[in-house]
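# Remarks on the overall topology
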Amino acid sequence: NNFLTRLLSDVHSGDIGFKELGIAKQVIRQVTVTGTRDLMAESLFRIGKYFGWVPVSGTGTKDGEEKDDIIAKSCIDNQLQAFPGERYADHNSREWQVFYNANKMDCQLYELARSTWRAQIQTIIPLTLQKKRAGEDDEDEEDGDEELQA
């Protein structure tokens, strides 16, 4: 029960309470790049941008960024075709009530993760922009390559 709360709070046996839930919430807010199952394609794309992942046939340069984004989105969409999209649960059903009662803390974490996901739209900074702000963008790397060749 409450697998995610236990995992994030590092309490794997025994009872858990609000302290462990609070620890798990802090981990989600402060440590994770959040993605959700029901928004998987957009989550994977955002995570890839944050970590600077480049598609196999992409260039990984500022000039090719738009093309790389198209390739990445196409690849993600192709991989997720076999998986169903968002699923809706009948919150009045007996099955849902049993699940919710056994996993109340994880359900709260899910809502927090959704909220964090929305907040990260404005706060998460892609790796290319991080490098640019730090003065390590593509032009600097190309200049360095020219200096090495000279």
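Just above sits the structure.
The present account deals with the structure reproduced in this document. Since this is a predicted model, take the numbers as computed values, not measurements. What you see as residue numbers is a count from 1 along each chain, following the sequence as written. The predicted nature of this model means local features are confined to residues of pLDDT at least 70 and side-chain atom pairs, given and counted, to a pLDDT of 80 or more, with totals for whole chains, interfaces and linings taken over all residues. As a rule here, side-chain values cover all heavy atoms of the structure and leave hydrogens and water aside.

## Focus: the packing of helix H3 (residues 40-51) against helix H6 (residues 104-123)
Here H3 crosses H6 at 45 degrees, and the two axes come no closer than 12 Å. Taken together, H3 and H6 sit at an angle that is classed as oblique. The crossing of H3 and H6 is left-handed. Two secondary-structure elements touch here, H3 through Glu-42, Ser-43 and Arg-46 and H6 through Trp-117, Gln-120 and Ile-121. Each residue gets one of three labels, nonpolar for Ala, Val, Leu, Ile, Met, Phe, Trp, Tyr, Cys and Pro, charged for Asp, Glu, Lys and Arg, and polar for the others, Gly among them. Of the residues that constitute the contact of H3 with H6, the class distribution is two nonpolar, two polar and two charged. Every axis in this analysis is a line fitted to C-alpha atoms, fitted for helices over the stretch in contact. Angles between the N-to-C directions lie between 0 and 180 degrees. Only DSSP runs of H or I with at least four residues qualify as helices, and only runs of E with at least two residues qualify as strands; both kinds are numbered from the N terminus onward. Angles are sorted into four bins: roughly parallel if under 35 degrees, roughly antiparallel if over 145, roughly perpendicular if 65 to 115, and oblique for all others. By convention the crossing between two helices is left-handed if the near helix lies anticlockwise of the far one by an angle smaller than a right angle, and right-handed if it lies clockwise. Note on contacts: a residue pair is in contact if any heavy atoms of the two residues lie within 4.5 Å.

## Here we look at the side chain of Arg-46
Among the secondary structure elements, Arg-46 is positioned in helix H3. Although Arg-46 is buried, it makes no salt bridge; Glu-42 carries the closest opposite charge, 4.0 Å away. Those residues within four positions of Arg-46 in sequence are excluded, and the remaining contacts are Thr-34, Trp-117, Gln-120, Ile-121 and Ile-124. Exposure categories follow from relative accessible area, calculated using a 1.4 Å probe and restricted to protein chains: below 20% of the type maximum is buried, above 50% is exposed, and the middle band is partly exposed. Positive: Lys, Arg. Negative: Asp, Glu. His and the chain ends are not part of the count. Basic side-chain nitrogens of Lys or Arg form a salt bridge, by our definition, when they fall within 4 Å of a carboxyl oxygen of Asp or Glu.

## Describing the nonpolar core
Among buried residues, the Ala, Val, Leu, Ile, Met, Phe, Trp, Tyr and Cys ones that are joined through side-chain atoms within 4.5 Å form a nonpolar core. Among the nonpolar cores identified, the biggest contains seven residues, and these are Ile-16, Leu-21, Ala-24, Ile-28, Met-105, Leu-109 and Leu-112. Looking at this core, the elements that each hand over two or more residues are helix H2 (18-31) and H6.

## Considerations on the environment of Ser-93
Tracing the backbone through its elements, the reader meets Ser-93 in the loop between helix H4 (65-80) and helix H5 (94-102). Relative accessible area serves as the criterion here: at 17%, Ser-93 is assigned to the buried category. Pairs of N or O atoms within 3.5 Å make up the polar contacts considered here, provided that, within protein, one atom can donate a hydrogen while the other can accept it, and that residues adjacent in sequence are counted only when both atoms are side-chain atoms. From its side chain, Ser-93 meets the backbone nitrogen of Trp-96 in a polar contact 3.2 Å long.

## Describing H6
Here the expected length of a helix is defined as 1.5 Å per residue gap, with one fewer gap than residues. Between its first and last C-alpha atoms H6 spans 28 Å; for 20 residues at 1.5 Å apiece the expected length is 28 Å, and the two agree. Taken together, the buried positions of H6 are Met-105, Asp-106, Cys-107, Leu-109, Leu-112, Ala-113, Thr-116, Trp-117 and Gln-120. Against helix H1 (3-9), H2, H3 and H5 lie the buried residues of H6.

## Let's talk about the pattern of salt bridges
Overall, the coordinates contain three salt bridges when judged by the stated rule. Among the ionic pairs, Lys-49 bridges to Glu-65, the shortest N-O distance being 2.8 Å. Here Glu-65 lies in helix H4 and Lys-49 lies in helix H3, a separation of 16 residues in the sequence. For Lys-49, the salt bridge identified is with Asp-69, shortest N-O distance 3.1 Å. In this pair, Lys-49 sits in helix H3 while Asp-69 sits in helix H4, placing the two residues 20 residues apart along the sequence. One network of salt bridges, in which partners are shared, links Lys-49, Glu-65 and Asp-69.

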